[in-house]
Amino acid sequence: MESLSNKRKVLEVKPLNFLERAYLPAIVGGLSTTMKHFFKKPVTISYPEEKREFSENFRGMHSLKRDENGKERCTACGLCALSCPAEAITMTAAERQKGEEHLYREEKYAAVYEINMLRCIFCGLCEEACPKEAIYLDGDIVPSDYLRKDFIYGKDKLVEAPLNQ
Amino acid sequence: METTDLIFRIVLIVVIFAISLVVAMYSTYAERKVAAFFQDRIGPNRAGPWGILQPLADGGKMFLKEEIIPTNATGFLFIVGPSLAILTACIGSAVIPWGSAIAIGGHTFDLQVTDINVGVLYIFGVVSLGVYGIMIGGWASNNKYSLLGAIRAASQNISYEISMGLSIIALLMLTGTLSLKEIAEQQHGFAWNVWRQPLGFILFLVCAFAETNRSPFDLPECETELVGGYHTEYSSMKLGFYLFAEYINMFISSAVMATLYWGGYNYPFMDNFAAWAGPNPAAIFGVVVLFGKIFFSIFFFMWVRWTIPRFRYDQLMDLGWKILIPLAIANIVLTGVISTLLK
């Protein structure tokens, strides 16, 4: 059958000559190839002692941000949870009480905010959805753990450290 | 036999036994490191500095693993298999001359456990016994994969023993003796047998790879076809013995190869060195040289393992019967003709 591109390469199968049939020259060639690799620098990165360089827009672990006065930005609007394609985010909203003004920026805040890191696909849609610039995926790689329940990160792990007064 | 001689022999036996076990132990570590370097990796580096305690960790793990004897296995033979494998691997070292004689307090001691005048035959006997360990273990497991692995091991070893023996015959025509000590002494200085028997050496090398079940002839434990080969059903230290026996075999066959072809403990300008440093340091340096040769040979075994893919079974048989045996016979004829003409 005529090929569509009209390109063809006729392959000729030649019988092996004596040196090729003797295996040994080919084996010596193979040995020299592996010996070249013996002296090459290993490509291994010994994580976690050594870390690969991340790109600037690398999306790692989430962090819940504070504003310039150290108040939590999140208002528990739920847009992040709504936008999350993996349904990894859940939250419970609560009303800010008197005397808590220095903790939360708006009248409503997230009393519970949980992200299931096993569900999260690190797509970054939550940070795009957030109207308050409260969540960013600017952290490190999520560390390994033994139990599934330990991968549900609460506010204790997600909220940024308070500002130093 | 004098008492001092007897004590020296016993000490030597213990030392050689310990050395072969330690070398086998660290061969497992070296194998992993060498494999890693050939594949641009780092290799084990967690247990101790550069991972040098890795063999101890592996050994400890082997000891602590659960001992499983399958219900349908033949209990007694199932245990005999690995024991025989490690026993035959260990006794091969008895006839290898580790160095020339050293003198301590007026006595001269040979650095060789026993110098029997049929040393080469002894080695061959021990090597052919080695296949029984694999055969019995594979059969006693009562498992198809084990049995197939064992059958492969048996037929492979028998096929390659023939060409190994034939390649040795050409060497023995030149040396005129079967004693390994005399063969080593004949290669004084730089008159190594490999210069006189290059083809014989290559044949012996290929057969040594096949006899130790090392890649590219590791068909008895070919994972992709036979799960684990003859040791599929083995666990705990019995599996450890099989793996260990392979490394001891590698060590012993490297030592035999060094003694037969690479001059054993001889090195160039050894007379000059002996005149300068005295006989005892020269003898000890000879032992070091022999071990250097052995270690290089072990490295070569590993180098080949991480380079060449495994042979197909029919190719293995073709190579053994149709190429190596005719070549070995041609080598004998050639050696005979040349040594007659040169006389």
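Procedures and definitions
- Residues numbered from 1 in each chain as written.
- Chains lettered and ligands numbered in written order.
- Predicted model: local features only at pLDDT ≥ 70, side-chain atom pairs only at ≥ 80, totals over all residues.
- Heavy atoms only, no water.
- UniProt positions renumbered as here; feature names shortened; annotations may be inferred.
- Pairing = 2+ DSSP bridges.
- Helix = DSSP H or I, 4+ residues; strand = E, 2+ residues; numbered from the N terminus.
- Patch = residues over 30% accessible without salt bridge, like charges linked within 9 Å, V, L, I, M, F, W, Y side chains within 5 Å.
- Areas by Shrake-Rupley, 256 points an atom, 1.4 Å probe, with all protein chains shown as cover.
- Salt bridge = Lys/Arg side-chain N within 4 Å of Asp/Glu carboxyl O.
- Buried < 20%, exposed > 50% of the residue type's maximum accessible area, 1.4 Å probe, protein only.
- Polar contact = N/O pair within 3.5 Å; in protein donor to acceptor, adjacent residues only side chain to side chain.
- Contact = heavy atoms within 4.5 Å.
- Axes fitted to C-alpha atoms, helices over the stretch in contact; angles between N-to-C directions.
- Parallel < 35°, antiparallel > 145°, perpendicular 65-115°, else oblique.
- Left-handed = near helix turned anticlockwise from the far one by under 90°.
- 1 Å grid on protein atoms, 1.4 Å probe; cavity = no way out; pocket = protein on both sides within 12 Å on 5 of 7 lines; lining within 4 Å.
- Points joined across faces, edges and corners; volume = space filled by probe spheres on them.
- Nonpolar A, V, L, I, M, F, W, Y, C, P; charged D, E, K, R; others polar.

- Per an unreviewed UniProt entry, chain A goes by NADH-quinone oxidoreductase subunit I and derives from Mucilaginibacter rubeus.
- Reading the Sequence similarities (unreviewed entry) entry of the UniProt record for chain A gives the comment "Belongs to the complex I 23 kDa subunit family."
- Recorded in UniProt under Subunit (unreviewed entry), the annotation for chain A is "NDH-1 is composed of 14 different subunits. Subunits NuoA, H, J, K, L, M, N constitute the membrane sector of the complex."

1. Some points on the pairing of strand 3 (residues 108-116) of chain A
Residues and elements named next belong to chain A.
And step 1. As defined by bridge partners, strand 2 (residues 89-95) adjoins strand 3 across seven bridges and the pair is classed as antiparallel. The residue of strand 3 that forms the bridge with Ala93 is Ala110.
And step 2. Pairing between strand 3 and strand 5 (residues 152-153): two bridges, direction antiparallel. Following the sheet pairing, Asn116 is matched in strand 5 by Ile152.

2. Notes on a nonpolar patch on the surface
And step 1. A surface patch of nonpolar side chains, amounting to about 710 Å² of accessible area, comprises Ile329(B), Val333(B), Leu334(B), Val337(B), Ile338(B), Leu341(B) and Leu342(B).
And step 2. Topologically, Ile329(B) is positioned in helix 13 (residues 313-342).

3. So, the side chain of Arg214(B)
Residue and element names in this part refer to chain B.
And step 1. Here Arg214 is to be found in the loop between helix 8 (198-211) and helix 9 (223-226).
And step 2. A relative accessible area of 0% places Arg214 in the buried class.
And step 3. Within the structure, Arg214 has its side chain in polar contact with the side chain of Glu246 (distance 3.4 Å).
And step 4. Contacts of Arg214, omitting those with residues within four sequence positions, involve Glu31, Phe209, Glu246, Tyr247, Met250, Phe301, Met302 and Arg305.

4. Focus on the packing of helix 1 (residues 3-38) of chain B against helix 12 (residues 279-305) of chain B
Residues and elements named next belong to chain B.
And step 1. For the pair helix 1 and helix 12, interaxial distance at closest approach is 10 Å and the crossing angle is 45°. The angle between helix 1 and helix 12 places the two elements in the oblique class. Like other packed secondary-structure pairs, helix 1 and helix 12 cross with a definite hand, here right-handed. Taking contact as the criterion, the partners of Ile19, Val23, Ser27, Ala30, Glu31, Val34 and Phe38 in helix 1 are, on helix 12, Phe291, Phe295, Ile298, Phe299, Met302, Trp303 and Arg305.

5. Quick look at the layout of surface pockets
One water molecule sets the probe size; rolling that probe over the atoms shows where empty space is left.
And step 1. In this structure, the largest pocket encloses a volume near 840 Å³.
And step 2. Residue lining of the largest pocket: 35 residues in total, with Thr28(B), Met62(B), Leu243(B), Phe244(B) and Tyr247(B) positioned closest to the centre.
And step 3. Elements supplying a minimum of two residues to the lining of the largest pocket: helix 1, helix 2 (54-64), helix 3 (75-91) and helix 10 (236-260) of chain B.
And step 4. For the lining of the largest pocket, the element with the highest residue contribution is helix 2 of chain B, accounting for eight residues.
And step 5. Its residues assigned to classes, the lining of the largest pocket shows 17 nonpolar, eight polar and 10 charged.
And step 6. One number sums up the size of the second largest pocket: a volume of about 570 Å³.
And step 7. If you go around the second largest pocket, you meet 23 residues; those closest to its centre are Ala22(A), Leu24(A), Ile27(A), Ile202(B) and Val206(B).
And step 8. Of all elements in the fold, only helix 2 (24-38) of chain A together with helix 8, helix 12 and helix 13 of chain B reach the threshold of two or more residues within the lining of the second largest pocket.
And step 9. At six residues, the largest contribution of residues to the lining of the second largest pocket is made by helix 8 of chain B.
And step 10. Across the lining of the second largest pocket, the residue classes tally to 22 nonpolar, no polar and one charged.

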